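Observations on chain architecture
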Amino acid sequence: MTTALIMMLATSYMFPSYFHDDQRAIATEIIREAAKLKEDPYLLVAIAWTESRLKHGRISSTGDYGIFQINWRFWGRRIGHKSIRMFRKALRSVPRTTRYAAKVLNEMRSHKTCTGRFLPACYNGGPGWRRSKNKISILRYANKVNFLSSSLRRRFPKWQQK
């Protein structure tokens with residue numbers, strides 16, 4: 001993105017001082033897409049920050065891609081992609097990857113283990129996270145997302161008003 005476009009997008013909202021210009025631009029796009037989807041912008045930005053620090057092109061050792069670290073093996077075809085190449089290309093678009101993350105969250109909400117403060121745990125470990133050998137790491141992740149989300153909500157209440 002050009003610097004002028006980044007500055008234009010990023011000036012619409014206030015952000016934490018540790019967000020760089022490109023991270024502010026990505027967060028702005030997430031907030032705007034969250035409003036269209038009627039999703040919680042604080043939760044989505046907190047997940048994206050925790051997963052990738054709001055940086056494009058991140059790939060994990062488990063096959064998770066993009067800003068929201070969405071797993072190809074589990075979600076790729078469910079979202080409608082026939083190839084990993086097209087999936088990765090689609091995840092370069094912040095609005096599209098935000099819609100995909102919202103789709104993952106909506107599916108997780110249908111499980112009773114994924115309510116309230118445990119929704120981020122399900123995003124990270126799936127609905128069976130309580131039986132996972134990584135349960136402690138998953139709970140640590142959920143606590144981190146929940147803390148960041150509530151902190152952002154307190155510090156930046158106008159994210160939901162625009």
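Below, the structure is looked at part by part. (Residues numbered from 1 in each chain as written. Predicted model: local features only at pLDDT ≥ 70, side-chain atom pairs only at ≥ 80, totals over all residues. Heavy atoms only, no water.)

**Some words on helix α3 (residues 41-52)**
- Between the first and last C-alpha of α3 there are 16 Å, a value that for 12 residues agrees with the 16 Å anticipated at 1.5 Å per step.
- When you tally the buried positions in α3, you get 11 out of 12 residues, the bulk of the element.
- Among the residues of α3, Pro41, Tyr42, Leu43, Leu44, Val45, Ala46, Ile47, Ala48, Trp49, Thr50 and Ser52 are the ones counted as buried.
- Looking at where α3 begins, the residue whose side-chain oxygen comes 2.9 Å from the main-chain nitrogen of tyrosine 42 is aspartate 40.
- Arginine 53, located one to two residues past α3, shows a positive phi value of around 60°. (Helix = DSSP H or I, 4+ residues; strand = E, 2+ residues; numbered from the N terminus. Expected span 1.5 Å × (residues − 1). Buried < 20%, exposed > 50% of the residue type's maximum accessible area, 1.4 Å probe, protein only. Polar contact = N/O pair within 3.5 Å; in protein donor to acceptor, adjacent residues only side chain to side chain.)

**Section: the packing of helix α2 (residues 21-37) against α3**
- Orientation of α2 relative to α3, taken along the N-to-C sense of each, is 140°, at an axis distance of 9 Å. Comparing the axis directions of α2 and α3 gives the class oblique. Every pair of crossing elements has a handedness; the one defined by α2 and α3 is right-handed. Contacts from Gln23, Ala27, Ile30, Ile31 and Ala34 in α2 reach Pro41, Leu44, Val45, Ala48 and Trp49 in α3.
- Of the residues contributing to the contact of α2 with α3, the split by class is 9 nonpolar, 1 polar and no charged. (Axes fitted to C-alpha atoms, helices over the stretch in contact; angles between N-to-C directions. Parallel < 35°, antiparallel > 145°, perpendicular 65-115°, else oblique. Left-handed = near helix turned anticlockwise from the far one by under 90°. Contact = heavy atoms within 4.5 Å. Nonpolar A, V, L, I, M, F, W, Y, C, P; charged D, E, K, R; others polar.)

**A look at the pattern of salt bridges**
- Under the counting rule described, the total for this entry stands at 5 salt bridges.
- In this structure, the salt-bridge partner of arginine 109 is glutamate 39, at a minimum N-O distance of 3.0 Å. In this pair, arginine 109 sits in helix α6 (residues 94-109) while glutamate 39 sits in the loop between α2 and α3, placing the two residues 70 residues apart along the sequence.
- With relative accessibility at 34%, the residue arginine 109 sits in the partly exposed group.
- The residue arginine 78 makes a salt bridge to glutamate 107 at a minimum N-O spacing of 2.7 Å. Residue arginine 78 is located in helix α4 (residues 72-79), and its partner glutamate 107 is located in helix α6; the two are separated by 29 residues in the primary sequence.
- Three or more residues joined by partner-sharing salt bridges are found here, namely Glu33, Lys36 and Arg99. (Salt bridge = Lys/Arg side-chain N within 4 Å of Asp/Glu carboxyl O.)

**Re the nonpolar core**
- Membership of the largest hydrophobic core comes to 48 residues, with the highest contact counts inside it found for Ile30, Leu54, Phe68, Ile70, Tyr123 and Trp159.
- Of all elements in the fold, only α2, α3, α4, α5 (84-90), α6, α7 (119-125) and α8 (135-155) reach the threshold of two or more residues within this core.
- For this core, the element with the highest residue contribution is α3, accounting for 8 residues.
- If near-sequence neighbours (up to four positions away) are discounted, isoleucine 70 is found in contact with Gly63, Asp64, Tyr65, Trp75, Ile79, Phe87, Leu91, Thr97, Tyr100, Ala101 and Tyr123. (Core = buried A, V, L, I, M, F, W, Y, C linked by side-chain atoms within 4.5 Å.)

**Overview of a positive patch on the surface**
- A contiguous patch of positive charge on the surface is contributed by Arg53, Lys55, Arg58, Arg140 and Lys144.
- By the element assignment, lysine 55 lies in the loop between α3 and β1 (64-65).
- Residue class for lysine 55 comes out partly exposed when judged on its relative accessible area of 33%. (Patch = residues over 30% accessible without salt bridge, like charges linked within 9 Å, V, L, I, M, F, W, Y side chains within 5 Å. Areas by Shrake-Rupley, 256 points an atom, 1.4 Å probe, with all protein chains shown as cover. Lys, Arg positive; Asp, Glu negative; His and termini not counted. Charge placed at Lys NZ, Arg CZ, Asp CG, Glu CD.)

The analysis is restricted to geometry; functional conclusions fall outside its scope.
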